[in-house]
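The chain contents come next:
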Amino acid sequence: VNGAKTFQKKMSEAIIIVITAESEEILFKRLEQREKGREKSIEVRKKALQKEMAFSKTCDHIVINKQGQLADTVNEVFEVIQKA
């Protein structure tokens, strides 16, 4: 988020794309699967995710990365870039 904010300030024509899950619940489940056994890390990341999700509302595009549909997600990102 901080990098994206800095980039936006330096290059006003930049297009900021956020890639996220279908819901906050799914996002947290994915996080918990990656961080198994590291409870402290999970709590820190959950707080960061909440800030990131709030920031995403100010971005140019939000792409939903649906479970098992990575190719669709990648294609959607490419489409956004091509239209820019």
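Refer to the structure printed above.
Below: a short report on this structure. Being a predicted model, the structure only gives us computed values, none of them experimental.

1. Quick look at the overall build of the protein chain
And then number 1: The number of helices and strands found in the protein chain is 4 helices and 2 strands.
And then number 2: For the protein chain, the succession of helices and strands along the chain, N to C, is α-β-α-α-β-α.
And then number 3: Overall, the C-alpha framework of the protein chain stretches about 40 × 30 × 15 Å when taken along its three principal axes.
And then number 4: Working note: accessible area of the protein chain is about 6,500 Å², and carbon and sulfur atoms make up 53% of it.

2. Here's the deal with the side chain of Thr20
And then number 1: You can see Thr20 is positioned in strand 1 (residues 17–20).
And then number 2: The exposure class of Thr20 is buried, given its relative accessible area of 18%.
And then number 3: When near neighbours in sequence (up to four residues on either side) are disregarded, Thr20 contacts Leu27, Ile62, Val63, Ile64 and Asn65.

3. Comments concerning the pattern of salt bridges
And then number 1: Scanning the model with the defined rule gives 3 salt bridges in all.
And then number 2: One salt bridge in this structure joins Arg30 and Glu22, with 3.5 Å as the shortest N-O distance.
And then number 3: Residue Glu22 is classed as partly exposed on the basis of its relative accessible area of 37%.
And then number 4: Lys29 serves as the salt-bridge partner of Glu25, at 3.4 Å between the closest nitrogen and oxygen. Pair noted here: Glu25 and Lys29 are both in helix 2 (residues 24–34), with a separation of 4 residues, about one helical turn.

4. Observations regarding helix 4 (residues 70–83)
And then number 1: Here helix 4 is 14 residues long and its end C-alpha atoms lie 20 Å apart, about the 20 Å a rise of 1.5 Å per residue gives.
And then number 2: Those residues of helix 4 hidden inside the fold are in contact with strand 1 and strand 2 (61–64).

5. Looking at a nonpolar patch on the surface
And then number 1: A cluster of nonpolar side chains, namely Leu70, Val74, Phe78 and Ile81, defines an oily patch on the protein surface of about 380 Å² accessible area.
And then number 2: Structurally, Phe78 can be placed in helix 4.
And then number 3: Classification of Phe78 as partly exposed rests on a relative accessible area of 47%.

The rules behind each value
- The residue numbering used here restarts from 1 in each chain and proceeds along that chain's sequence as written.
- Confidence filtering applies because this is a predicted model: local features only for residues at pLDDT of at least 70, side-chain atom pairs given and counted only at 80 or more, and all residues used for totals across whole chains, interfaces and linings.
- As a rule here, side-chain values cover all heavy atoms of the structure and leave hydrogens and water aside.
- Numbered from the N terminus, helices here are DSSP runs of H or I no shorter than four residues, and strands are runs of E no shorter than two.
- For the area figures, the Shrake-Rupley method with a 1.4 Å probe applies, and any residue is considered shielded solely by the protein chains shown.
- Working definition: with a 1.4 Å probe on protein chains only, accessible area under 20% of the residue-type maximum means buried, over 50% means exposed, and in between means partly exposed.
- A contact between two residues is defined here by any heavy atoms of the two lying within 4.5 Å.
- What counts as a salt bridge is simple: a side-chain nitrogen of Lys or Arg found within 4 Å of a carboxyl oxygen of Asp or Glu.
- Each helix should span, by expectation, one fewer than its residue count multiplied by 1.5 Å.
- Like-charged residues within 9 Å of one another, or nonpolar side chains (Val, Leu, Ile, Met, Phe, Trp, Tyr) within 5 Å, are grouped into patches, provided each residue has over 30% relative accessible area and no salt bridge.

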